[in-house]
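This is what each chain is made of:
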Amino acid sequence: MTGALLQAIGGAAWAERSSTAPVVVLLLHGYGSHERDLVPLVGELGLTAPWASLRAPLELGGGGAAWFAIESFGDPPAASVAAATAAIWEWVDAHVSPTTRVLPLGFSQGGFMATQLLRTRPDRVVAPVVLAGFVLGVPQPADGRLAEERPALFWGRGDADRVIPGEEVERARDFLTAHTALVERVYPGLGHGVGPAEVADVRAFVVERLGADAVA
């Protein structure tokens with residue numbers, strides 16, 4: 001997956017401000033989706049930071065892509081996850097200033113990848129937002145450090161989500177509780193999606209962590 005940079009689309013401010021902004025937002029779509037899927041969230045959240053939305057490297061056909069194949073839900077092949085994680089960091093290293101941190105906002109499998117960024121290079125990551133996501137059950141390089149430092153992380157999900165198995169929800173809760181300053185929100189009646197109440201909570205989380213200037 002590495003060797004050729006991931007495809008991405010960026011907001012209007014990307015070219016002008018991505019090299020000087022203290023934080024940029026990375027949108028990471030879910031399995032079978034594409035790089036335009038989460039773009040509406042930028043406006044709904046009122047994000048003012050430069051943003052880019054990456055396309056996952058595994059093409060599925062029909063316009064969809066994935067970060068890795070789903071074989072065993074919570075324990076995908078470690079090599080595939082490592083390759084996808086490396087591909088994102090390769091893109092970041094090529095397009096983002098070394099002094100700029102990234103705020104990954106991911107949905108479902110993209111939320112999984114947001115946690116992978118935190119678990120591999122926490123110095124570059126701030127305030128990850130995980131929507132209907134899960135976590136890898138295999139230890140990652142920075143897990144020990146995260147357990148000590150407990151960085152802030154938002155994890156939102158619906159109580160009617162039938163896509164993420166219950167055991168993966170419990171695995172994610174156990175890991176995130178032990179390794180982050182977790183802000184967990186569960187939304188009654190919400191399935192595998194993102195609702196208005198969740199958008200409001202993410203906005204509040206971003207403001208609390210980055211300041212009022214982070215949103216319009």
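Just above, that's the structure.
Report follows, based on the coordinates. Throughout this description, residue numbers start from 1 for each chain and increase along the sequence as written. Totals for whole chains, interfaces and linings use all residues, but because this is a predicted model, local features are given only for residues with pLDDT of at least 70 and pairs of side-chain atoms are given and counted only at 80 or more. Side-chain numbers come from the whole structure's heavy atoms, not from hydrogens or water.

1. Topic: the sheet that holds strand β3 (residues 51-54)
Two strands in a sheet stick together by hydrogen bonds in their backbones, pointing the same way (parallel) or opposite ways (antiparallel). Note the threshold: Two strands pair if DSSP finds at least two bridges between them. A helix here means a DSSP run of H or I that spans at least four residues, while a strand means a run of E at least two residues long, and both kinds are numbered starting from the N terminus. Whenever a helix is involved, its axis is fitted only over the stretch in contact; in every case the axis is a line through C-alpha atoms, and angles between N-to-C directions fall within 0 to 180 degrees. Here, two residues are considered to be in contact whenever any of their heavy atoms come within 4.5 Å of each other.
In spatial order, the strands read β1-β3-β2-β6-β7-β8-β9; together these 7 strands make up an open sheet with mixed pairing. The strands lining the two open edges of the sheet, one partner per strand, are β1 (8-10) and β9 (181-187). When strand polarity is set aside, the average angle formed by the axes of neighbouring strands in this sheet is 15°. The sheet contact formed by strand β7 (residues 129-131) and strand β8 (residues 152-158) spans 3 bridges and is parallel. For Leu131, the partnering residue across the bridge sits in β8 and is Gly156. Packed on one face of the sheet, helix α3 (residues 78-95) meets β1, β2 (23-28), β3 and β6 (101-107) and runs near 145° to β2. Contacts from helix α6 (residues 166-179) reach β8 and β9, with the element oriented near 160° to β8.

2. Quick look at the nonpolar core
Definition in use: Within this scheme, the nonpolar core is defined by two criteria: the residues are buried Ala, Val, Leu, Ile, Met, Phe, Trp, Tyr or Cys, and they are joined through side-chain atoms within 4.5 Å. Relative accessibility decides the category of a residue: with a 1.4 Å probe and only protein chains considered, values under 20% of the type maximum give buried, values over 50% give exposed, and everything between is partly exposed.
Ranked by internal contacts, the top residues of the largest apolar core, which has 38 residues, are Leu26, Leu54, Trp67, Ile88 and Trp91. Every element with two or more residues in this core is listed here: β2, β3, α3, α4 (109-120), β8 and α6. Sorting elements by how many residues they give to this core places α3 first, with 7 residues.

3. Thoughts on unusual backbone geometry
Its identity as a non-glycine residue notwithstanding, Ser108 has a phi of 60°, on the positive side. With respect to the helices, strands and loops of the structure, Ser108 is situated in the loop between β6 and α4.

4. Observations concerning helix α7 (residues 196-210)
Spelled out, the test is: A helix's residues, less one, multiplied by 1.5 Å, set its expected span. It is the directions from the helix axis to the C-beta atoms that the arc portrays.
The end-to-end C-alpha separation of α7 is 21 Å, in line with the 21 Å expected for 15 residues at 1.5 Å each. Taken as a whole, α7 has its buried residues at Glu198, Val199, Val202, Phe205 and Val206. The arc that holds every buried residue of α7, seen down its axis, measures 125°, which confines them to one face. What points out from α7, more than 90 degrees from its buried face, is the exposed set Pro196 and Glu208.

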